Amino acid sequence: MIWAVATFTFFLVHALPGSPGDAAYENYILSGMSPEQAQAKVSSIYGFTSHDPLLVQYRGYLWRLLHGDLGQSISYSGVPVTHVLRAAAPWTIFPALAGLVIAFLVGTSFGAVAAVKRSSRWGGLLSMSGSFFAGIPVFVLALVLAFLFHTEWNLLPYGDTSDVTLTPGFNGPYVVSVVQHAILPVATYALLGYGAWLLTMKSSVISVLGDDFILAAELRGLRPRTRMRYVSRNAILPMFTVFALSIGYLLGGSVLVENVFDYPGLGNVLFQAIGARDYPLMSGAFLLITVAIVLANIVADLLYTVIDPRVRR
């Protein structure tokens, strides 16, 4: 799968108007380089000249990829793509993972309550809240949060990962600033995921409530709390699989959120790379997202055998 996506990305980039080498060549000419210097720079970045046959370029691309060389970024003045991605990825993983964990814990808990109390007012309100947040487009929710908590009420900072006047490190003011700048992205991820987790957990719990072992537990006179523990343990099994897969999709789903909040994570870097026609950085970001999703699928399969003994048997 990783090879297939890397190949698809390579040929997709070359299908765009102007090849990657030509686009970089034009940028270097405009910056004042001579044609010979620009051609040499393009060759050093891509490992081939833009006039080589496509298959020759493809072989060179795969050879560099196998050696962990993703090329050099055009928009970052020749900085290796791996360095750019390594610097940006933590600022995507931190808020997105925090939002996912919060959404999972709150959404599954409220989903179980909504299923058990589905005939009551509370169950109806919880279901409505899940449907509401599950249907909001990501950019709309992000813009509303930014407008209310930054522009209108001025409660939370906006843009960057911390106050630029602070010294980065494990010191109190810097850590507090990092947390404050991450609150809006984390809240966006959490609210977006809350609705989906609530509705999915509610459906799973309702399905388990109709199983025979629940009826047997009721006939044996077990307490409601014990029966609910039986229901939750079985209903949450599919949720763990979806949770593991969601971790893989975190890197790819951050483009709109980080662009709205001007948060310099992987999504923002990818958005800027598209605008600047930085093809090496685009290819590297797409490849990183693919690797994350593939690894998440493998982890999900392994995790399911750990939490469900029936799968092992």
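As annotated in an unreviewed UniProt entry, the protein carries the name ABC transporter permease and is attributed to Actinospica durhamensis. The heading Sequence similarities (unreviewed entry) in the UniProt record of the protein holds the text "Belongs to the binding-protein-dependent transport system permease family."

Enquirer: How should the overall build of the protein be read in this particular structure?
Expert: Helix and strand counts for the protein stand at 15 helices and zero strands. Dimensions of the protein, computed from C-alpha atoms along their principal axes, come out at roughly 85 × 55 × 35 Å. Buried residues in the protein amount to 40% of all 313 residues. Sequence separation of at least 24 residues holds for 70% of the intrachain contacts in the protein that already meet a minimum separation of 6. Accessible surface computed for the protein: about 16,800 Å², of which carbon and sulfur atoms make up 67%. Each charge class in the protein was averaged separately, 18 positive and 16 negative side chains, and the resulting centres sit 21 Å apart.

Enquirer: For this particular structure, what's the right way to read the environment of phenylalanine 286?
Expert: Relative to the helices and strands, phenylalanine 286 is located in helix 14 (residues 279-307). Placed 277 residues apart in sequence, phenylalanine 286 and threonine 9 show a C-alpha to C-alpha distance of 7.7 Å.

Enquirer: Teacher, can you tell me more about the UniProt feature "domain: ABC transmembrane type-1" (unreviewed entry) in the protein here?
Expert: Per the UniProt record, "domain: ABC transmembrane type-1" (unreviewed entry) is annotated on residues 89-300. For the annotated span residues 89-300, helix accounts for 79% and strand for 0% of the residues, and the straight-line distance between the end C-alpha atoms is 21 Å.

Enquirer: Mind showing me how you'd approach helix 7 (residues 138-152) here?
Expert: Over its 15 residues, helix 7 extends 20 Å from the first C-alpha to the last, a length consistent with the 21 Å expected when each residue adds 1.5 Å. Among all positions of helix 7, only Leu141, Ala142, Leu145 and Ala146 are buried. Among the structural elements, helix 8 (172-209) and helix 12 (255-261) are those in contact with the buried residues of helix 7.

Enquirer: Looking at this model, I keep getting lost on the pattern of salt bridges. Mind explaining?
Expert: Pairs may arise between side chains of opposite charge once their charged atoms sit close together. Overall, the coordinates contain one salt bridge when judged by the stated rule. Ionic pairing is found between aspartate 69 and arginine 64, a salt bridge with its closest N-O pair at 3.1 Å. Judged by its relative accessible area of 32%, aspartate 69 falls in the partly exposed class.

Enquirer: Explain the UniProt feature "transmembrane region" (unreviewed entry) in the protein to me, please; I cannot follow it from the model alone.
Expert: As annotated by UniProt and renumbered to match this structure, "transmembrane region" (unreviewed entry) occupies residues 93-116, 128-149, 178-199, 235-257 and 285-307. Note that residues 93-116 is 100% helix and 0% strand, and that its end C-alpha atoms are spaced 34 Å apart.

Enquirer: Please explain the confidence of the model for the protein as it appears in this structure.
Expert: The predicted coordinates should not be examined in detail at positions where pLDDT is low. Averaged over all residues, the pLDDT of the protein is 86; the fraction at 70 or higher stands at 96%. Across the protein, helix 6 (residues 121-134) holds the top mean pLDDT of 94, while helix 15 (residues 309-312) sits lowest at 74.

Enquirer: How do you make sense of the packing of helix 6 against helix 8 when you look at a structure like this?
Expert: Relative orientation and spacing of two packed helices are given, respectively, by the angle between their axes and the distance between those axes. Packing of helix 6 against helix 8 leaves a shortest axis separation of 7 Å and a crossing angle of 130°. Compared by their axis directions, helix 6 and helix 8 come out oblique. As for how helix 6 packs across helix 8, the hand of that crossing is left-handed. On helix 8, the residues that touch Leu126, Ser127, Ser129, Gly130, Ser131, Phe133 and Ala134 of helix 6 are Leu191, Leu192, Tyr194, Gly195, Ala196, Leu198, Leu199 and Lys202. A breakdown of the residues in the contact of helix 6 with helix 8 according to their chemical character gives nine nonpolar, five polar and one charged.

Conventions and cut-offs
- Residues numbered from 1 in each chain as written.
- Predicted model: local features only at pLDDT ≥ 70, side-chain atom pairs only at ≥ 80, totals over all residues.
- Heavy atoms only, no water.
- UniProt positions renumbered as here; feature names shortened; annotations may be inferred.
- Helix = DSSP H or I, 4+ residues; strand = E, 2+ residues; numbered from the N terminus.
- Buried < 20%, exposed > 50% of the residue type's maximum accessible area, 1.4 Å probe, protein only.
- Contact = heavy atoms within 4.5 Å.
- Areas by Shrake-Rupley, 256 points an atom, 1.4 Å probe, with all protein chains shown as cover.
- Lys, Arg positive; Asp, Glu negative; His and termini not counted.
- Charge placed at Lys NZ, Arg CZ, Asp CG, Glu CD.
- Expected span 1.5 Å × (residues − 1).
- Salt bridge = Lys/Arg side-chain N within 4 Å of Asp/Glu carboxyl O.
- pLDDT = per-residue confidence, 0-100.
- Axes fitted to C-alpha atoms, helices over the stretch in contact; angles between N-to-C directions.
- Parallel < 35°, antiparallel > 145°, perpendicular 65-115°, else oblique.
- Left-handed = near helix turned anticlockwise from the far one by under 90°.
- Nonpolar A, V, L, I, M, F, W, Y, C, P; charged D, E, K, R; others polar.

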